Every structure is written in structure tokens, then in C-alpha cells.
Amino acid sequence: MEELDVKNDEQQVFPELVLITGMSGAGRTESMHVFEDLGYFCVDNLPTRLIDSLVELQMQDKEDVEQAKKIAFVCDARNGKYFAELADEIRKIRTTDTNIRVVFLDANDEKLVARYKASRRRHPLCDEGTTIAEGIQREKSMMLPIKEMADTVIDTSDMLPQNLRQQLRSMFESSTSSRGLSVTVYSFGFKHGAPVDADIVIDVRFLPNPYYVAELKPLTGLDPAVRDYVMLRDETVEFEKKWHELLDVLMPGYVKEGKQQLAIGIGCTGGQHRSVAIAESTGAYLQNKGYRASIAHRDLEKR
């Protein structure tokens, strides 16, 4: 069961600095991926003594709105003996104008042991002859003062990675962030090679081909005459109805799973006529649905 403790819940201002800390194996790496996707400048395993430099960098960014970046950083038990300085550094930042939020990731001992065994990595506090369980107990003692200072404590014991991603996005994704997934819809021609980067590939070679109409052959799917020839046919109308119904099922699922980029390839024989018209229509449909969709044509210049 997810356990979330937000001590400063009334604070709605999005932080300029986010400190991710907590128990090793509780999800720090996954968390950093989320902040990267949200446009934060991310630093992993930051030495405690460099936090002042990071704050100074943030203060400089404030003076340049064009270049200003939010910063997320991880500081944890890998700092060794210097980790003891972290509490003082947090107190120092909280006396300044810099808005910092401390996120503490936790999990129960059983889950942490299981995750370390699965990863086969050495726990940072396991010396020679020390068991994983003993290392976890050392880390708990070390982390207790920071946990008590945290603005947010997330227990990931029974959370899947996508649940953690969703939780963090709901907390830190502002209205000015790049919300949702970014979709690229592009046309291509199978004779120039099938796409290797598409998440979804739709083959529209079953539609009548304008290539065999003399006055349409030199044109492309961007020209009104070709577009009308392709899009106004009964076959296309029926296809688009079913295609849009499929998209209406797929897209919310991708968003829910936290997918950040999606590529949809629409293919015909040469990538000039049918695929171009359908890609334009598909991109427009997704844009009208509120998705950040862009349209491209891979093989339009190839003849």
C-alpha cells in the first residue's frame, strides 16, 4: 500500500530545488527519470559539500528568466561520512529565498533486501563481512534526521515503478511543464524501408493509390486534389472511424503508463500520397484531442 506524507501540503509553489534522498533501493533512480522528463536539470549523487555551488547556480539562473532551470539532485548514503552535513545544508537553504522541497523515498526492510538481491549490487554501507540487512539498518539510522526534515515521504514498498512516476508527476508537473506525452506522426514509404523507431505502424497500402491517376501522380498528399482523392473514399472514411476509435483507447493508456514520447508511422508504397494524407489527418485528430502532436513526412522528397 502506498504511504504518502506531505508535511507542507498547503505550499502550492513549485520548487526551484528538489532534493531526492532516502533509502538505497527505494526508487531514487526512477525518480530522477521523472524529473528529467519534467525539464529539471538533474544531478545524481551530488557531494554534500557541492550543494552551496548548486544553490549559487540556481540564484544566478533567477536573474535570467530565459535560462532559468529547476534543479533536482540526489544526495544519499553514498556521500559516506560527509552525509552528516546534509541536514545543516537543508537548514541553510531554507533561510534563503530559494524554494527547496525534500522528497524522502522509503521502503520496508524486506523489499529493500529483495531489490538488492535482484540487482546484485553492493549496498553502499555494506563493508566486508556485512550483510545487506545490516547495511540497511546502518542507513536507517543515518537517514532518520533527514526523514524528519522531509517535506514529502513516499513509501515505495508496494509501488510499481509506474505508480511512483505517476505520484511524482502529480506533485511536480506544473501547468507550464511539458504535460503529457509528445506524439510524432509521420508518413513513410515501405519501398524506402520500414521504420525502426515507430511504436505503432499502420499500413495504408490497402487504399486506392493516386499514383495510378495521371494528374495526381506528380502531386503529394499535401495537395488538396490528392487529399480529397484519398480521404473522401468510402474505404478511408470507414478506416478512419475505426482508427480513431483505436487511438481513443490507446492514447489514454499511454498517458496513464507515463510514456513521454510516442511515434506513429503511417506507411504506403512510396510515402508520397496515401500515407501523407492519412498522417496529416491523424496528427490533426490527435491535436484536436489535446495531445502534443507533430507531423512529419520521412520520404516526401524521395521519388
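Since the model is a prediction, treat every value here as computed from it, not as a measurement.

### Side note on the pairing of strand S8 (residues 200-203)
- Alternating positions in S8 separate cleanly, Ile200 and Ile202 being buried on one face and Val201 and Asp203 remaining unburied on the opposite face.
- Inspection of the sheet shows S8 paired to strand S9 (residues 261-268) by four bridges, in the parallel sense. Counted as the bridge partner of Ile200 is Ile264 from S9.

### Description of the side chain of His297
- You can see His297 is positioned in strand S10 (residues 292-297).
- Once residues within four sequence positions are removed from consideration, His297 is found in contact with Ser187, Leu222, Val276, Ala279 and Glu280.

### Observations regarding unusual backbone geometry
- Non-glycine residue Asn45 carries a positive phi angle of around 55°.
- Positionally, Asn45 belongs in the loop between strand S3 (41-43) and helix H2 (51-62).
- Asn45 sits in the partly exposed class, given a relative accessible area of 31%.

### Here's the deal with helix H9 (residues 274-288)
- With 15 residues, H9 ought to run about 21 Å at 1.5 Å a step, and its terminal C-alpha atoms sit 21 Å apart, in line with that.
- Along H9, 11 of the 15 residues are buried, which leaves the element largely enclosed by surrounding structure.
- Within H9 the residues assigned to the buried category are Arg274, Ser275, Val276, Ala277, Ile278, Ala279, Ser281, Thr282, Gly283, Tyr285 and Leu286.
- Buried residues belonging to H9 abut strand S7 (182-189), helix H7 (224-231), helix H8 (234-256), S9 and S10.
- Of the residues one or two after H9, Gly290 is the one with positive phi, at around 95°.

### Focus: the layout of surface pockets
- Space inside the largest pocket adds up to approximately 600 Å³.
- Lining the largest pocket are 24 residues; nearest its centre among them are Gly25, Ala26, Gly27, Arg28 and Thr29.
- Taken together, the elements giving at least two residues each to the lining of the largest pocket come down to helix H1 (28-37), helix H4 (109-119) and helix H6 (161-172).
- Broken down by element, the lining of the largest pocket gets its largest block of residues, four residues, from H4.
- Residue composition of the lining of the largest pocket, grouped by class: eight nonpolar, seven polar and nine charged.
- A volume near 260 Å³ is recorded for the second largest pocket.
- Among the residues making up the lining of the second largest pocket, the classes are represented as three nonpolar, six polar and five charged.

### Comments concerning the pairing of strand S5 (residues 100-106)
- Burial of S5 is extensive: seven of the seven residues sit out of reach of the surface.
- Where strand S2 (residues 17-22) meets S5, six bridges bridge the pair, whose relative direction is parallel. Opposite Gly22, over in S5, you have Leu105 as the bridge partner.
- The pairing of S5 with strand S6 (residues 152-155) spans four bridges and is classified as parallel. Bridging across to S6, Leu105 finds its partner in Ile154.

### Remarks on the nonpolar core
- Core analysis: the largest hydrophobic core is formed by 47 residues, its most contacted members being Phe73 and Phe172.
- A total of five residues in this core trace back to one element, the largest contributor, which is S5.
- Excluding residues within four positions of it along the chain, Phe73 makes contact with Leu17, Val18, Leu19, Ile20, Met32, Val43, Leu46, Ile51 and Leu54.
- One finds Val213, Leu247, Ala277 and Ile278 within the second-largest nonpolar core, a separate group that totals 26 residues.

### Structural notes on the UniProt feature "binding site: ATP" (unreviewed entry) in the protein
- The sites that UniProt annotates as "binding site: ATP" (unreviewed entry) are Gly22, Met23, Ser24, Gly25, Ala26, Gly27, Arg28 and Thr29. Lining the largest pocket, from this annotated set, are Ser24, Gly25, Ala26, Gly27, Arg28 and Thr29.
- Secondary-structure assignment places Met23 in the loop between S2 and H1.
- The contact partners of Met23, leaving out residues within four places of it in the chain, are Arg28, Phe104, Leu105, Asp106, Leu112, Ile136, Glu139, Lys140 and Met143.
- Structurally, Gly27 is set in the loop between S2 and H1.

Rules of the game
- Residues numbered from 1 in each chain as written.
- Predicted model: local features only at pLDDT ≥ 70, side-chain atom pairs only at ≥ 80, totals over all residues.
- Heavy atoms only, no water.
- Buried < 20%, exposed > 50% of the residue type's maximum accessible area, 1.4 Å probe, protein only.
- Helix = DSSP H or I, 4+ residues; strand = E, 2+ residues; numbered from the N terminus.
- Pairing = 2+ DSSP bridges.
- Contact = heavy atoms within 4.5 Å.
- Expected span 1.5 Å × (residues − 1).
- 1 Å grid on protein atoms, 1.4 Å probe; cavity = no way out; pocket = protein on both sides within 12 Å on 5 of 7 lines; lining within 4 Å.
- Points joined across faces, edges and corners; volume = space filled by probe spheres on them.
- Nonpolar A, V, L, I, M, F, W, Y, C, P; charged D, E, K, R; others polar.
- Core = buried A, V, L, I, M, F, W, Y, C linked by side-chain atoms within 4.5 Å.
- UniProt positions renumbered as here; feature names shortened; annotations may be inferred.

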